[in-house]
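Here's the letter readout for the chains.
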Amino acid sequence: MKIVKRDEMLNIERFAIEEIGISGAVLMEIAGNQVADEIIRSYPDRSLPITILVGSGNNGGDGFVIARRLFDAGYNPAAWLLVDPEKLQGDALVQYRIHTARQLPLHSIEEGLARLDEDLASSEAVIDAMLGTGISGAVREPFNHIIEMVNGHGAHVFAVDLPSGLDCDTGRVENVAIRADETFTFALPKRGFFLQDGPSVIGRLEVKDISVPGTLADRLGMELPELITEQLAVQALPGRPQFGHKGTFGHALVIGGSKPFVGAPLYSAHAAYNTGAGLVTLAIPEEIYPVIAGQNQLALIRTLPGAEGHFNGEGVEADLFEKVGAVAVGPGLGRFDAGEAFIEEIMEHLDDQPIIIDADGLYHVKDRLEMLSRYRGAVILTPHPGEMATLTGRTVADIEADRITVAEDFARKYQVHLVLKGHRTIIATPEGTWVNPHGNDALAKGGSGDVLTGMIASFLAQGAGAAEAMQAAVYVHAASGERAAQKYSHYGVTPGNIIETGKEMLKEMEGKK
Ligand SMILES: NC(=O)C1=CN([C@@H]2O[C@H](COP(=O)(O)OP(=O)(O)OC[C@H]3O[C@@H](n4cnc5c(N)ncnc54)[C@H](O)[C@@H]3O)[C@@H](O)[C@H]2O)[C@@H](O)CC1
Ligand SMILES: [K+]
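On a predicted model such as this, the values are computed, not experimentally measured, just so you know.

**Q** Give me the lowdown on the side chain of Thr429, citing residues and values where you can.
**A** Along the chain, the position of Thr429 falls in the loop between strand E18 (426-428) and strand E19 (433-435). For Thr429, a relative accessible area of 4% puts it in the buried group. Not counting chain neighbours up to four residues away, the residues in contact with Thr429 comprise Ala411, Val416, His417, Trp434, Ala467 and Met470.

**Q** Lay out unusual backbone geometry with the relevant residues and their values.
**A** For the peptide bond that leads from Glu141 to Pro142, omega is -5°, which places it in the cis range. By secondary structure assignment, the location of Pro142 is in the loop between strand E4 (125-129) and helix H6 (143-152). Phi at Asp161 takes a positive value of approximately 70°, unusual for a residue other than glycine. Positive phi outside glycine occurs at Lys323, with the angle close to 60°. By relative accessible area, which is 77% here, Lys323 ends up exposed.

**Q** Break down the UniProt feature "domain: YjeF C-terminal" (unreviewed entry) in the protein for me, with residues and values.
**A** When the UniProt feature table is mapped onto this chain numbering, "domain: YjeF C-terminal" (unreviewed entry) sits at residues 229-509. Annotation note: span residues 229-509, helix share 47%, strand share 15%, distance between end C-alpha atoms 11 Å.

**Q** Which residues make up the sheet that holds strand E3 (residues 107-108), and what are the values?
**A** With parallel pairing, the seven strands of this open sheet are ordered in space as E3-E2-E1-E4-E5-E6-E7. Unpaired on one side and paired on the other, E3 and strand E7 (204-208) mark the two borders of the sheet.

**Q** Describe in detail the coordination of the potassium ion (ligand 2), supporting the description with residues and values.
**A** Protein-derived coordination of the potassium ion (ligand 2) comes from Asn59 (OD1), Asp128 (O), Leu131 (O), Val160 (O) and Leu162 (O), at a distance range of 2.6 to 3.0 Å. As a motif over one chain, the donors of the potassium ion (ligand 2) read N-x68-D-x2-L-x28-V-x1-L. Accessibility assignment for this pair places Val160 and Leu162 in one class, buried.

**Q** If you had to explain the packing of helix H19 (residues 466-492) against helix H20 (residues 495-512) to someone new, which residues and values would you point to?
**A** At a minimum axis distance of 8 Å, the contact between H19 and H20 shows a crossing angle of 125°. Classed by the angle they form, the pair H19 and H20 counts as oblique. In the crossing of H19 with H20, the sense of the turn from one axis to the other is right-handed. Packed against H19, whose contacting residues are Tyr475, Val476, His477, Ala479, Ser480, Gly481, Arg483, Ala484, Lys487, Tyr488 and Gly492, the element H20 presents Asn497, Ile498, Thr501, Gly502, Glu504, Met505, Leu506, Glu508 and Met509 at the interface. Split by residue class, the contact of H19 with H20 holds nine nonpolar, seven polar and four charged.

**Q** Any chance you could break down helix H17 (residues 403-414) for me, citing the residues and the numbers?
**A** In this model, H17 (12 residues) spans 17 Å end to end at C-alpha, consistent with the 16 Å of a helix rising 1.5 Å per residue. The set of residues buried in H17 consists of Arg403, Ile404, Val406, Ala407, Glu408, Phe410, Ala411 and Tyr414. Following H17 by one or two positions, Gln415 has its phi on the positive side, about 55°.

What counts, and where the lines are drawn
- Residues numbered from 1 in each chain as written.
- Chains lettered and ligands numbered in written order.
- Predicted model: local features only at pLDDT ≥ 70, side-chain atom pairs only at ≥ 80, totals over all residues.
- Heavy atoms only, no water.
- Helix = DSSP H or I, 4+ residues; strand = E, 2+ residues; numbered from the N terminus.
- Buried < 20%, exposed > 50% of the residue type's maximum accessible area, 1.4 Å probe, protein only.
- Contact = heavy atoms within 4.5 Å.
- UniProt positions renumbered as here; feature names shortened; annotations may be inferred.
- Pairing = 2+ DSSP bridges.
- Donors = N, O, S within 2.8 Å, 3.2 Å for Na, K, Ca; no water.
- Axes fitted to C-alpha atoms, helices over the stretch in contact; angles between N-to-C directions.
- Parallel < 35°, antiparallel > 145°, perpendicular 65-115°, else oblique.
- Left-handed = near helix turned anticlockwise from the far one by under 90°.
- Nonpolar A, V, L, I, M, F, W, Y, C, P; charged D, E, K, R; others polar.
- Expected span 1.5 Å × (residues − 1).

Structure, rendered in structure tokens:
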């Protein structure tokens, strides 16, 4: 499913209205019906107190449709028009006229905010049809006060298209925004849901079909980021030939580890093994061999010479890469003087196998990005925002302000594949962009990134293309975080739990393949 900005959504809708010939009022009718149906499904009790907040634009028009449909279904919602009816235009005015012609009850803002607050205080559900994609700037009076009133009460809040106050494109909340429990968005998910404040105000997101399919975006030649869904991840997952042997499923090489970071390469190697790699080799500095050997029963171990608890940059020889299908360098690597040259040498030994560069591996390539552009195979970088700041010379705040654009620009400029981690991970490649709506705070722990790296390496070794391996791994990793938090609490999830739960996710996914 594609993700859109305001102008893109408007262009698609304009095309649907002008070229396809489905009128705006019809779209509004479908949109309002879709939300009303959800509310009726959620609350079969017709006596439930519901307040509907209707704004001045087409988002308010949707609110009129919802109100009418709920009255027709036997509910008695308190519908509040929050602007002077003189200000209504277009399809919203059409809906207002239908509402009044039907002689359905309608409260006016003239009755005062105190009276509205009484309705809000006694409501079980509030429907926010105040502001949608058309918002510009900070929320103005009286909507700012009304939003604070809604957020101050405990009712279940349904946002229509988007929570009022959220910017559709940037995900920024300028002053206030509705904190929705559920957002029913129309046609396509909006970009702001996945950026900045978006994820914390949208609640559960559901995309409602309003007869404006995403395929219209293709017809208009729009290149849009795509949402990572289970279905997409299932397709991306490499196949498993039934009679394959360990060679069929590839050999992943993980290069990393140092005295302070012994666990990191182990997590990567174990994640690779537990997601299907045929063979995993762990290349570590010789100094940490005893600790690693004591904790590892799965991977083959290769030691390289070290100094002061790190690699010393030597010992990178051709046989290390024999029959290796994918390489991950960085987990637990740490920083050492020869780091830059070490990674350069690794890349020189490779033919065109995909290479993932993670953690301090990223630090060591920050001044050698052209080397990455020149590499014959796929280069996958997996920075968190801090590492992305190091790679780009920008601030973390800059990166977080528009993660999608930052990731896209970097991937195109250096012709690399990027997993920009964080709350709503972005995958950007020279060919396309994907946004991951899954994951939670349970993943925000040391070791979690090492697991992700291992999963990507594993899928690459099993023959997935770079973009597919990233999509499948990002999905499995994030969805496992969500699933594991249900079992072990958000506090208690460990990277090991992510690996274990990842197997449950894979079990479900292979059944759908
Ligand atoms: N265009 C279409 O074909 C469809 C649009 N739909 C609905 O239409 C919405 C977009 O409608 P509009 O473009 O009319 O925009 P909105 O209804 O989102 O908002 C525009 C109105 O809000 C006011 N406004 C803007 N910024 C404000 C601020 N900061 N503080 C207070 N008031 C502010 C404007 O004066 C204007 O009256 C979508 O979100 C969706 O809900 C749906 O009915 C489906 C079809
Ligand atoms: K809204």
